[in-house]
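Survey of secondary and tertiary structure
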Amino acid sequence: MTDIQAFLDQLYQRYQDLNVGQVASYIPELAKANPDYFGISVVTTDGRSFHAGDVDQQFTIQSISKVFVYGMALEDWGRDRLLEKVGVEPTGDPFNSLIRLDETSHRPENPMINAGAIATTSLIKGENLTARLNRLLAMFRRYVGQDVYVDMSTFLSERATGHRNRAIAHLMLNFGMIGDDLEESLDLYFQQCALLVTGRDLATMAAALANQGQHPLTCEQVLQPQYVRDILSVMYTCGMYNFAGEWAFRVGLPAKSGVSGGLMAVVPNQAGIAVYSPLLDSNGNSVRGLKVFEALSQEYGFHVFDLAMGHCRFQQSLSPQPSTSEP
Ligand code: GLN
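Residues numbered from 1 in each chain as written. Predicted model: local features only at pLDDT ≥ 70, side-chain atom pairs only at ≥ 80, totals over all residues. Heavy atoms only, no water.

Within the structure shown, the criterion is met by 11 salt bridges. With a closest N to O distance of 2.8 Å, Arg200 and Asp56 form a salt bridge. You can see Arg200 sitting in helix α10 (residues 199–210) and its partner Asp56 sitting in the loop between β2 (49–53) and β3 (59–60), a full 144 residues away along the chain. Given a relative accessible area of 32%, Arg200 falls into the partly exposed group. Two residues, Arg132 and Glu184, come together in a salt bridge whose shortest N-O distance is 3.3 Å. Pair noted here: Arg132 is in helix α6 (residues 129–144) and Glu184 is in helix α9 (residues 182–193), with a separation of 52 residues, a long-range link. For Arg132, a relative accessible area of 2% corresponds to the buried category. (Salt bridge = Lys/Arg side-chain N within 4 Å of Asp/Glu carboxyl O. Helix = DSSP H or I, 4+ residues; strand = E, 2+ residues; numbered from the N terminus. Buried < 20%, exposed > 50% of the residue type's maximum accessible area, 1.4 Å probe, protein only.)

Okay, the side chain of Arg288 next. Relative to the assigned elements, Arg288 resides in helix α13 (residues 287–300). Despite being buried, Arg288 has no salt bridge partner; Asp36 is the closest side chain of opposite charge, sitting 4.8 Å away. What Arg288 contacts, discounting residues up to four positions off in sequence, is Tyr15, Gln16, Leu18, Asn19, Pro35, Asp36, Tyr37, Phe38, Ser277 and Leu279. (Lys, Arg positive; Asp, Glu negative; His and termini not counted. Contact = heavy atoms within 4.5 Å.)

We now examine the site of the ligand. Neighbouring residues of the ligand: 13 residues in total, closest Tyr26, Gln62, Ser63, Tyr189 and Tyr241. Measuring from a nitrogen atom of the ligand, one finds a side-chain N or O atom of Gln62 at 2.6 Å. In this structure, Glu158 approaches the ligand through a side-chain N or O atom, which is 2.7 Å from a nitrogen atom. For the ligand, the protein covers 99% of the area, taking 300 Å² as the surface of the free molecule. In terms of residue class, the shell around the ligand is built from seven nonpolar, five polar and one charged. (Near = heavy atom within 4 Å. Polar contact = N/O pair within 3.5 Å; in protein donor to acceptor, adjacent residues only side chain to side chain. Areas by Shrake-Rupley, 256 points an atom, 1.4 Å probe, with all protein chains shown as cover. Nonpolar A, V, L, I, M, F, W, Y, C, P; charged D, E, K, R; others polar.)

On to the pairing of β2, then. Pairing analysis gives five bridges linking strand β1 (residues 39–44) to β2, with the strands arranged antiparallel. Among the inter-strand pairings, Ile40 is bridged to a residue of β2, identified as Ala52. What sits between the antiparallel neighbours β1 and β2 is a turn of four residues, in which Gly47 has the positive phi angle 90 degrees. (Pairing = 2+ DSSP bridges.)

Quick look at unusual backbone geometry now. Residue Gln62 is not a glycine yet carries a positive backbone phi of 50 degrees. Here the phi dihedral of Gln212 falls at roughly 55 degrees; this positive angle occurs in a residue that is not glycine.

Structure, rendered in structure tokens:
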């Protein structure tokens, strides 16, 4: 089995020239992304990190923010009260669909689709929009381990063109699922999506989830441990849009993708992994990202059922850590 750093370098070489897919353009600012960007990051739960490619390139987090905001809403409201407003059922529909919401459920199915994410964001507590944004930024700062910023151009670009999300919010207001401060909640949602991160950041954030909510580098408890399982469950069943079932079958990891090209996955008790590559397939998932994760899962036995059955081979691929204790 290949050493992890050597394998990341190999994967980078293998998929660097895979120019398949499209950069998202329905948010005009996203269309400016360089399709050649490609980075792979692995951060282990004991704080080691391995990288290949453009891992320090910033991009907006987009839908991957939904995972962390869901965590905050769980802490703000508790599991049962949050479930009254946002379900945990996968839809098999595109992330921005509103048909089921209108015709059957009236309650957003899960927090990983736009409807559920907007409802989740609307529940984030705080006196006013600034206070709520500051709480979100502080939360993201704890996960990343340093200051985080909202990209103003992407925020404004999405706010100006996010008519579909506005329609979803109005439908939910009609069904009593969100309050009438919906413009404020939409602003907050667009701001969380426009948060700037790098692949390295995403892998670190995922590593905190892999480490039962404790940050692998700062050692801060960034999420109450009882909610980690909830988040990983919805990531596993709903995190990859209408590819979630196939992803669970082939790769088998709780994961979340975003339309800017980020893809983050959690290997419980082992590592956080992230790929950034803006070329997307028709489901909205990063094409190179899918390839990399399939290869990683096969090489190291990362599938959660491989992990559960003791077939994971990741630890053997890490060179032994230098001992810090005196002889
Ligand atoms: N901000 C984007 C939207 O609401 C996020 C979608 C995504 O990354 N899938 O449309």
